[in-house]
Amino acid sequence: MPDTPAATQRARVRVPLRFHDGYSVDAELVTFHGLVDGQEHVAVVLGEPAPGSVPLVRLHSECLTGDAFGSARCDCGPQLREAVERIAATGGVLLYLRQEGRGIGLYNKLDAYALQDQGLDTYEANAALGLPEDDRDYTPAAQMLRALGITSLDLLSNNPDKAEQLRDLGIDVHDRVPTGVFTTPHNVRYLRAKVLQTRHTLPLASLTGLSAV
């Protein structure tokens, strides 16, 4: 396990969350001191785990286009909405991580979109720009979890790399719980690439009925 410095909680504030479909829930947002990458990541604490159970946790990478603007080119917005409700029901935490575009940043992500419009998939487009396929490091996530007193969890994710990195960082991932499948004609090639390139646990059969636009 890497010798990672400890982070500490900076502030906690109650925030009522309201979504476009009418779902609402009260959350507690937590900020931190000492995160190794210096970014302003936030923990969204929801519900209360049952006695003896482990919390449900999602590592959600920031996606301005999907989370805020409702872009149909990815599944990030629907995953965020789903995760908040599922975590609130069982008790746990959503870590909102400032890792736009799998860590390459917003402008680079939009440059990659332009290459995807020419036929490349999401990973090929990053490579064509001289960028990593996925540049995310979940060390800050492990720091945040420890600062919240969480060392064992169920992980809400289709991405095996998230579970593998957390385990390497000393977090006990008891189970990896898949998210829903949120397909549109605009994101089906993106989702298929995640299955084929990075082993995301999405059913390929459900990703073949739509044509990419």
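A few points on the structure.

### Some remarks on unusual backbone geometry
- A positive phi is found at Arg102, a non-glycine position, where the angle reads about 55°.
- Tracing the sequence through the fold places Arg102 in the loop between strand 5 (92–97) and helix 3 (106–116).
- Judged by relative accessible area, which is 11%, Arg102 ranks as buried.

### Details of the packing of aromatic side chains
- Here the structure, examined in full by the defined rule, presents one aromatic pair.
- On the basis of an interplanar angle of 40° and a centroid distance of 6.1 Å, the ring pair of Phe19 and Tyr23 is categorised as tilted.
- Judged by relative accessible area, Tyr23 falls into the buried class, the value being 17%.
- The lysine or arginine in question, Arg73, covers the ring of Tyr113, its NZ or CZ lying 4.2 Å from the ring centre.
- Above the face of the Phe19 ring, Arg81 is positioned so that its terminal group lies 5.6 Å from the ring centre.

### Looking at the pattern of salt bridges
- The tally for this structure, following the rule as stated, stands at eight salt bridges.
- Here Asp21 and Arg81 are joined by a salt bridge, their closest N and O atoms 2.9 Å apart. In this pair, Asp21 is assigned in the loop between strand 1 (8–18) and strand 2 (24–33) and Arg81 in helix 2 (residues 76–90), connecting sequence segments 60 residues apart.
- Taking relative accessible area as the criterion, Arg81 reaches 15% and is therefore assigned buried.
- With a closest N to O distance of 2.8 Å, Arg81 and Glu85 form a salt bridge. Taken as a pair, Arg81 and Glu85 lie in helix 2 at a separation of four residues, close to a single helical turn.
- Relative accessible area serves as the criterion here: at 37%, Glu85 is assigned to the partly exposed category.

### Quick word on the nonpolar core
- Membership of the largest hydrophobic core comes to 26 residues, with the highest contact counts inside it found for Leu59 and Leu95.
- Taken together, the elements giving at least two residues each to this core come down to strand 2, strand 3 (42–46), strand 4 (56–61), strand 5, helix 5 (139–147), strand 6 (152–156) and helix 6 (160–168).
- In terms of residues, this core owes the most to one element, helix 5, which gives five residues.
- In this structure, Leu59 is in contact with Leu95, Leu97, Tyr138, Ala141, Leu155, Lys162 and Leu166, ignoring residues within four places of it in sequence.
- Counting residues in hydrophobic clusters, the runner-up holds 15 residues, among them Ala27, Leu46, Val84 and Ala88.

### A look at the pairing of strand 2
- Bridge count between strand 1 and strand 2: 10 bridges; the pairing is antiparallel. Following the sheet pairing, Gln9 is matched in strand 2 by Phe32.
- Relative to strand 3, strand 2 runs antiparallel, the two sharing three bridges. In the strand pairing of strand 3, Leu29 is matched with Val44.

### What about the pairing of strand 6?
- In terms of burial, strand 6 is largely enclosed, as four of its five residues are buried.
- Of the pairings in the sheet, the one linking strand 4 to strand 6 comprises two bridges and is parallel in character. Residue pairing for strand 6: Leu56 is matched across the bridge by Asp154.

Criteria and cut-off values
- Residues numbered from 1 in each chain as written.
- Predicted model: local features only at pLDDT ≥ 70, side-chain atom pairs only at ≥ 80, totals over all residues.
- Heavy atoms only, no water.
- Helix = DSSP H or I, 4+ residues; strand = E, 2+ residues; numbered from the N terminus.
- Buried < 20%, exposed > 50% of the residue type's maximum accessible area, 1.4 Å probe, protein only.
- Phe/Tyr/Trp six-rings, centres within 6.5 Å; stacked < 30°, edge-to-face > 60°.
- Lys NZ or Arg CZ within 6 Å of the ring centre and 35° of its normal.
- Salt bridge = Lys/Arg side-chain N within 4 Å of Asp/Glu carboxyl O.
- Core = buried A, V, L, I, M, F, W, Y, C linked by side-chain atoms within 4.5 Å.
- Contact = heavy atoms within 4.5 Å.
- Pairing = 2+ DSSP bridges.

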